[in-house]
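Remarks on the overall topology
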Amino acid sequence: FNATDGHHSVQNSITSPWFSTAFGLIGLCSNLFALCVLLSSSRQLSSRARSSFLVFLCGLVVTDFMGLLVTASVIIPYHFIKFSWAKVDPGCHLCNFLGFSMVFFGQCPLLLGATMAGERFFGINHPFSRSTSISKRRAWSIVGLVWGFSCLLGLLPVLGLGRYTLQYPGSWCFLTLLPDTGNIIFCLLFALLGIFSVLLSFIFNTVSVVTLCRVYHDRESVQRRRDSEVEMMVQLVGIMIIATICWMPLLIFIVQTVLQQLPASGQVHLLPTQTQKMLLIYIRMVTWNQILDPWVYILFRRAVLQRIYPSLRPRPSILSLYPVLNPSLRRKLTADSVLQ
């Protein structure tokens, strides 16, 4: 147990059962709605580039939905029943499963965001380095690799590196922020990998946005905007901003807490009360990431934006940037690159 067992503090509003229930229901409904919209849109697309991007988005939505469903199925009942973990889970199997779920479903969106940013970076900045776009099967394979890598990361405490412990107010399990060698390595691995994913997304997206801005303001191609590329980048930047705001405070907090406790050399056996509460607040911020992600795609689609700005109309794609091309090459690229 990684926190104090103060019954009076459990009644604090930050640990209210209605708070967790409301968050869970809103997040599940949002992701379910976004998944329906994604599936409907994917059936109407002929562009492989756009289709592969929708696969990544679909993987992100499924991850967020399952993450909320799995964690809420344990956390919400605890708030209403207040069961004893020692009796219900004497072997710590449920705690390990919940801790694994927190790490797995937490790391996946960050890695998927970096993967999507990398795919769009090469698609926008090096459009002719690949004759065809990523197929749906390959895109799903990449999503599967991300899931597999995150699964291995989440299993490290079960395999002996670090451990999952019960956290304040006793309703959830997560990695242990105590000064033990295994815990320190696992905490730093989790936090630094997340920070690296966010920074990588920022670099890729920044370069891609700069490229699109140059195209947008080019006098020869100002009437030939790559609408689909712009739409995808707007959604991707929105996902990156949400991930940065929701995740960076927690990741930085984990690194700071672990490094500040290094001189203690294992003498600390319980986190300070203020640290416990701050960790819970940062976890609640992370929950917003799973709630807001689906709305980025729901709201920032051309079908929605064109109702707000009727002047937005489909225009030719990336081929408009390169008017002088071999006719056979243009025909080959048109089959794979022209978006809607």
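No experiment lies behind these values; they were computed from the predicted model shown.

All right, on to the overall build of the protein then. Helix and strand content of the protein: ten helices and two strands. The buried share of the protein, taken over its 340 residues, is 53%. Residue pairs at least 24 apart in sequence account for 81% of intrachain contacts in the protein once pairs closer than 6 positions are excluded. Roughly 16,300 Å² of accessible area belongs to the protein as shown, and the carbon and sulfur atoms make up 67% of that amount.

To continue, consider the UniProt feature "transmembrane region" (unreviewed entry) in the protein. When the UniProt feature table is mapped onto this chain, "transmembrane region" (unreviewed entry) is found at residues 18-41, 53-78, 98-118, 139-162, 182-215, 236-259 and 279-300. End-to-end, the C-alpha atoms of residues 53-78 are 38 Å apart, and along that stretch the chain is 100% helix and 0% strand. A helix fraction of 100% and a strand fraction of 0% characterise residues 182-215, whose end C-alpha atoms lie 50 Å from each other.

We now examine the packing of aromatic side chains. Under the counting rule described, the total for this entry stands at ten aromatic pairs. Where Phe104 meets Phe105, the ring centres are 4.8 Å apart and the plane angle is 80°; that geometry is what we call edge-to-face. Residue Phe104 is classed as buried on the basis of its relative accessible area, which comes to 12%. Aromatic pair Phe121 and Phe122: ring centres 5.1 Å apart, planes at 80°, arrangement edge-to-face. On the accessibility criterion, Phe122 (43% relative accessible area) is partly exposed. Every member of this aromatic cluster is reached through a ring pair, and the members are Trp172, Phe174, Phe190 and Trp247.

Bringing unusual backbone geometry into the picture now. Cis rather than trans, the peptide bond between Tyr168 and Pro169 has omega equal to 5°. Of note, Cys92 is a non-glycine position whose phi angle comes to about 65°, a positive value. Position of Cys92 among the secondary structure elements: in the loop between helix 3 (85-88) and helix 4 (93-125).

Here we come to the side chain of Thr176. Mapped onto the fold, Thr176 is located in the loop between strand 2 (172-175) and helix 6 (181-217). Within the local environment of Thr176, its side chain forms a polar contact with the backbone oxygen of Arg163, the two atoms lying 2.7 Å apart. Side-chain polar atoms of Thr176 contact the side chain of Thr165, separated by 2.9 Å.

Along its 24 residues, helix 5 (residues 136-159) runs 34 Å from first to last C-alpha, staying within 8% of the 34 Å computed at 1.5 Å per residue. Along helix 5, the positions that sit buried rather than exposed are Ala139, Val143, Val146, Ser150, Leu153, Gly154 and Pro157. Once helix 5 finishes, Gly160 follows within two positions and takes phi at roughly 120°, a positive value.

Bringing a nonpolar patch on the surface into the picture now. A contiguous nonpolar surface patch, about 480 Å² in accessible area, is contributed by Phe33, Val230, Val234, Trp295, Leu299 and Phe300. Elements represented by at least two residues in the nonpolar patch include exactly helix 7 (227-260) and helix 8 (273-299). Checked against the element boundaries, Val230 lands in helix 7. Among the residues examined, Val230 registers a relative accessible area of 33% and is labelled partly exposed.

Moving on: the state of the cysteines. Scanning all chains against the criterion turns up one disulfide. The partner cysteine of Cys95 in its disulfide is Cys173, sulfur to sulfur 2.1 Å. Judged by the sign of its S-S torsion, about -120°, the bond between Cys95 and Cys173 is left-handed. Residue Cys95 is found in helix 4, and its partner Cys173 is found in strand 2; the two are separated by 78 residues along the sequence. A disulfide-free cysteine, Cys92 has its sulfur positioned 5.9 Å from the sulfur of Cys95, the nearest such atom.

Attention now moves to empty space enclosed by the protein. Scanning all chains against the criterion turns up three cavities of 30 Å³ or more. Secondary-structure elements contributing two or more residues to the lining of the largest cavity are helix 1 (17-42), helix 2 (48-81), helix 4, strand 2, helix 7 and helix 8. Looking at the lining of the largest cavity residue by residue, the classes come out as 16 nonpolar, eleven polar and one charged.

Now for the packing of helix 4 against helix 5. It is the contact of helix 4 with helix 5, at a shortest axis distance of 8 Å, that shows an interaxial angle of 145°. Viewed along their axes, helix 4 and helix 5 form a crossing whose handedness is right-handed. On helix 5, the residues touching Phe100, Val103, Phe104, Gln107, Cys108, Leu111, Leu112 and Thr115 of helix 4 are Ile142, Val143, Val146, Trp147, Phe149, Ser150, Cys151, Leu153, Gly154 and Leu155. By residue class, the composition of the contact of helix 4 with helix 5 is 14 nonpolar, four polar and no charged.

Trp85, Trp172, Phe174, Leu177, Phe190 and Ile254 are the most contacted members of the largest nonpolar core, which has 81 residues in total. Setting aside its immediate chain neighbours within four residues, Trp172 contacts Ile75, Leu98, Met102, Thr165, Leu166, Gln167, Leu279, Leu280 and Ile283.

Definitions and cut-offs
Residues numbered from 1 in each chain as written. Predicted model: local features only at pLDDT ≥ 70, side-chain atom pairs only at ≥ 80, totals over all residues. Heavy atoms only, no water. Helix = DSSP H or I, 4+ residues; strand = E, 2+ residues; numbered from the N terminus. Buried < 20%, exposed > 50% of the residue type's maximum accessible area, 1.4 Å probe, protein only. Contact = heavy atoms within 4.5 Å. Areas by Shrake-Rupley, 256 points an atom, 1.4 Å probe, with all protein chains shown as cover. UniProt positions renumbered as here; feature names shortened; annotations may be inferred. Phe/Tyr/Trp six-rings, centres within 6.5 Å; stacked < 30°, edge-to-face > 60°. Polar contact = N/O pair within 3.5 Å; in protein donor to acceptor, adjacent residues only side chain to side chain. Expected span 1.5 Å × (residues − 1). Patch = residues over 30% accessible without salt bridge, like charges linked within 9 Å, V, L, I, M, F, W, Y side chains within 5 Å. Salt bridge = Lys/Arg side-chain N within 4 Å of Asp/Glu carboxyl O. Disulfide = S-S within 2.5 Å. 1 Å grid on protein atoms, 1.4 Å probe; cavity = no way out; pocket = protein on both sides within 12 Å on 5 of 7 lines; lining within 4 Å. Points joined across faces, edges and corners; volume = space filled by probe spheres on them. Nonpolar A, V, L, I, M, F, W, Y, C, P; charged D, E, K, R; others polar. Axes fitted to C-alpha atoms, helices over the stretch in contact; angles between N-to-C directions. Left-handed = near helix turned anticlockwise from the far one by under 90°. Core = buried A, V, L, I, M, F, W, Y, C linked by side-chain atoms within 4.5 Å.

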